[in-house]
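Residue-level listing of the chains:
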Amino acid sequence: MTAKRYVARSTEIAARVLGDEVMIMSARDSTLFSLNEVATLIWEAADGKTPLEEIVADKICARYDVAPDVALRDAEELVEELATRGILVLSETPVAPASAMSKGAA
Amino acid sequence: MSRLIQEMAAKALKLNIPLSVHLDLTYRCNERCIHCYLDHDDHGEMTTAEIKGLMDQMAEAGVFFLTISGGEILMRRDFFELLEYARRLLFSVKLKTNAVLIRDKEAERIRALGVESVQVSIYSHRAEVHDAITKMPGSLKRSLDGIRLLRRHDVHVIIANVLMRQNVGDYPAVRALGRELDVQVTIDPTITPMMDGDRSILNLNVSDSALRDVFRDPELVGNAPETCAPPPVENSTLDDLPCSAGNTSCYISPYGDVYPCVQFPLPSGNVRRTRFRDIWKDSPQLNEVRSITLRDLPSCSKCVHGGSCSRCPGLAFLEGNMRGPSYQDCEKSFARTGIPSENLKKGKTARIPLVQIQGLQSPAQPALAAAR
């Protein structure tokens, strides 16, 4: 059985929801990223307390017609890439949540 | 500008989101620079709680880039409390400071808080010149010590080298100093009027011939003939917005006054009386600024420099008409190209060589570029 994985937003980034996507800038090298709709759902739910498996079930599978194992595999790839870029923190135990993020709205 | 930032700005414009805010925490300062446009007395700065509340409102409104400046930001005892709060709200924060008060502890804290960059003004590599401009003996050494500490903690530092008659010949040595310190250098021959409109400090501006030499320096502009040739004015260019001021960015003073830009002192509301988002959306002044495209500028829309001019609407406003030309930018375009602007041809020059140019130090990229 695979251990649960927890994801938390890094404190080493700047971020804001702009319309339907999240803009993120890495403080490490000022690289700017844009997350698509699905990645944004995972990002917003990355509170450090909810296991990734639960985030995928609640936020992805409940909204999209996708098999849970496929969605989880894609989500794992995504969070690993975001962790490599310093945008998310991955842990096998719950981690302190980063700051709440506000949504930019017209 | 990266494609993603361009897309981000376009989206913010479409959604009417204030992507960038320049917030001055204080006008108090430990230096007394001869060209400074501010009144350094404290006329009732926002409190810590007011600024935190404002930051909450800015995050809610969608502000992403937050430039925190002054005055000298470290004159505020609550500076790090405010910086920490700003970062907790996930703003991308840039700081402007003279670095005089930065010691190892401050540099370490700035690094730990994930500040994107710190801009420090260095006027000359010669202490006698720099210190005479800041009117603070020992300030060059202290500013450079601050920069070194920031770099030791791997903070991205940018030297701003403002040119005036006193130091115009020193920029090559300041650029060399930047290379030695491993920091970017921007060259800026911009002396702006005081915020109350007093223009007396404009006599510090570099001479026309010195300005022309700066614009023709291949070390700064790369291929000078190519850089200096005005591109043709496309019809679509006429629908461009003159500037981000009031469109995707604005300025907030230590007293809560909102302006389109620090260089565009058109009072547009006060966050002590009105929520930031409501000012941004409903201010008649900001909405008027937003309504202006190049096509609406009677002279500039017909000018050969229309596609490349750095016309600053704030400077035009300070000259009396936000739809008029900024004569200083007419002078700049002339210095850059040798071709008189529509206004200069009419003999309507104000003879105030006030210009604004910025760039990177990297040899691969011209250090001076038309600011648009």
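Since the model is a prediction, treat every value here as computed from it, not as a measurement.

**Q** Looking at this model, I keep getting lost on the overall build of chain B. Mind explaining?
**A** Per the secondary structure count, chain B includes 15 helices and 10 strands. The buried share of chain B, taken over its 372 residues, is 57%. A sequence separation of at least 24 residues applies to 71% of the contacts in chain B between residues at least 6 apart. Carbon and sulfur atoms provide 51% of the accessible area of chain B, an area that totals close to 15200 Å².

**Q** Quick question: what am I supposed to make of the overall build of chain A here?
**A** Each helix and strand in chain A was counted, giving 3 helices and 7 strands. In chain A, the succession of helices and strands from N to C terminus is β-β-β-β-α-β-α-α-β-β. A buried classification covers 46% of the 106 residues belonging to chain A. Residue pairs in contact within chain A that sit at least 24 positions apart in sequence constitute 59% of those at least 6 positions apart. Of the roughly 5400 Å² that chain A leaves accessible, carbon and sulfur atoms contribute 48%.

**Q** What is the right way to look at the nonpolar core in this model?
**A** As a rule of thumb, nonpolar side chains are buried together in soluble globular proteins. Formed by 67 residues in total, the largest nonpolar core has its most connected members in Leu23, Met55, Met58 and Ile68 of chain B. The residues contacting Met55 of chain B, other than those within four sequence positions of it, are Leu23, Leu66, Ile68, Leu82, Tyr85, Ala86, Leu89 and Phe91 of chain B. One finds Val22, Ile55, Ile60 and Ile87 of chain A within the second-largest nonpolar core, a separate group that totals 26 residues.

**Q** It is not clear to me how the pairing of strand β5 (residues 157–162) of chain B should be interpreted in this structure. Could you clarify?
**A** Across a regular strand the side chains alternate sides, sitting on one face of the sheet and then on the other. Residue and element names in this part refer to chain B. Most of β5 sits out of view: 6 of its 6 residues are buried. Both faces of β5 are covered, namely the face carrying Val157, Ile159 and Asn161 and the face carrying Ile158, Ala160 and Val162. Judged from the 4 bridges that link them, strand β4 (residues 117–121) and β5 form a sheet pairing that is parallel. Bridge pairing in β5 links Val118 to Val157. In terms of strand pairing, β5 meets strand β6 (residues 184–188) through 5 bridges, oriented parallel.

**Q** Any chance you could explain the interface of chain B and chain A here in plain terms?
**A** When the parts come together, some accessible area is lost, and that loss is often what is quoted as the size of the interface. In this complex, chain B contributes 26 residues to the contact, which on the side of chain A involves 26 residues. For the chain B and chain A pair, buried surface summed over both sides reaches about 2200 Å², with 59% attributable to carbon and sulfur atoms. Counting every contact that joins chain B to chain A gives 2 salt bridges. A salt bridge links Lys11 of chain B to Glu21 of chain A; the nearest nitrogen and oxygen atoms lie 2.9 Å apart. If you list the elements that add at least two residues to the side of chain B that touches chain A, you get α1 (3–15), α2 (48–61), α3 (79–88), α4 (104–112) and α11 (276–282) of chain B.

**Q** What exactly am I supposed to notice about the packing of helix α2 (residues 52–61) of chain A against helix α3 (residues 68–84) of chain A here?
**A** What describes two packed helices is the angle between their axes and the distance between those same axes. Residue and element names in this part refer to chain A. It is the contact of α2 with α3, at a shortest axis distance of 10 Å, that shows an interaxial angle of 115°. Here α2 and α3 pass one another in a crossing that is right-handed. Contacts from Leu52, Glu53, Val56, Ile60 and Cys61 of α2 reach α3 at Pro68, Ala71, Leu72, Ala75, Glu76 and Val79. Each residue belonging to the contact of α2 with α3 can be placed in one class, and the counts come to 9 nonpolar, no polar and 2 charged.

**Q** Please explain the sheet that holds strand β5 (residues 47–51) of chain A as it appears in this structure.
**A** The strands making up a sheet associate through hydrogen bonds between their backbones, and the pairing can be parallel or antiparallel. Residue and element names in this part refer to chain A. Read across the sheet, 3 strands follow the order β5-β1-β6 without closing on themselves; strand pairing throughout is antiparallel. Across the chains shown, the open sheet's two edge strands, defined by having one partner strand only, are β5 and β6 (88–91). Here the average twist between neighbouring strands, direction ignored, is 25°. Alignment of strand β1 (residues 6–9) against β5, held across 2 bridges, turns out to be antiparallel.

**Q** Would you mind showing me how to read the sheet that holds strand β8 (residues 258–259) of chain B here?
**A** Residues and elements named next belong to chain B. Reading across the sheet, the 8 strands line up as β6-β5-β4-β3-β2-β1-β7-β8 and stay open at both edges, with mixed pairing between neighbours. The open sheet has two free edges, formed respectively by β6 and β8, since each of these has just one partner strand. Looking at chain direction, strand β1 (residues 20–24) and strand β2 (residues 65–69) are connected through 5 bridges and run parallel. If you follow Asp24 over to β2, its bridge partner there is Ser69. On top of the sheet, helix α6 (residues 139–152) reaches β4 and β5; it is set at about 155° to β5, its chief contact.

**Q** For this particular structure, what's the right way to read the pattern of salt bridges?
**A** Proximity of charged atoms lets side chains of opposite charge pair with each other. All names here are of chain B. By the definition in use, this model includes 19 salt bridges over all chains. One salt bridge connects Arg109 with Glu84, and the closest N-O pair in it is separated by 2.6 Å. On the criterion of sequence distance, the pair formed by Arg109 in helix α4 and Glu84 in helix α3 is long-range, its members being 25 residues apart. A relative accessible area of 33% places Arg109 in the partly exposed class.

**Q** Help me understand unusual backbone geometry in this model?
**A** It is generally the case that most residues other than glycine have a negative phi and that most peptide bonds are trans. Residue and element names in this part refer to chain B. Cis geometry marks the peptide bond from Gly70 to Gly71; its omega dihedral reads 25°. Within the fold, Gly71 resides in the loop between β2 and α3. Notably, Leu90 is not glycine yet its phi reads approximately 65°, a positive angle. Within the secondary structure, Leu90 is located in the loop between α3 and β3 (92–97). Under the relative-accessibility criterion, Leu90 is labelled buried at 2%.

**Q** Teacher, can you tell me more about the pairing of β1 of chain B here?
**A** Residue and element names in this part refer to chain B. Burial within β1 is extensive, with 4 of its 5 residues counted as buried. Sheet analysis places β1 next to strand β7 (residues 249–252), joined by 4 bridges and oriented parallel. Directly across from Val21, in β7, lies its bridge partner Cys250. Taken together, β1, α2 and β2 form a β-α-β motif whose crossover is right-handed.

What counts, and where the lines are drawn
- Residues numbered from 1 in each chain as written.
- Chains lettered and ligands numbered in written order.
- Predicted model: local features only at pLDDT ≥ 70, side-chain atom pairs only at ≥ 80, totals over all residues.
- Heavy atoms only, no water.
- Helix = DSSP H or I, 4+ residues; strand = E, 2+ residues; numbered from the N terminus.
- Buried < 20%, exposed > 50% of the residue type's maximum accessible area, 1.4 Å probe, protein only.
- Contact = heavy atoms within 4.5 Å.
- Areas by Shrake-Rupley, 256 points an atom, 1.4 Å probe, with all protein chains shown as cover.
- Core = buried A, V, L, I, M, F, W, Y, C linked by side-chain atoms within 4.5 Å.
- Pairing = 2+ DSSP bridges.
- Buried area = accessible area lost by both parts, 1.4 Å probe.
- Salt bridge = Lys/Arg side-chain N within 4 Å of Asp/Glu carboxyl O.
- Axes fitted to C-alpha atoms, helices over the stretch in contact; angles between N-to-C directions.
- Left-handed = near helix turned anticlockwise from the far one by under 90°.
- Nonpolar A, V, L, I, M, F, W, Y, C, P; charged D, E, K, R; others polar.
- Right-handed = clockwise from strand over helix to strand, strands pointing away.

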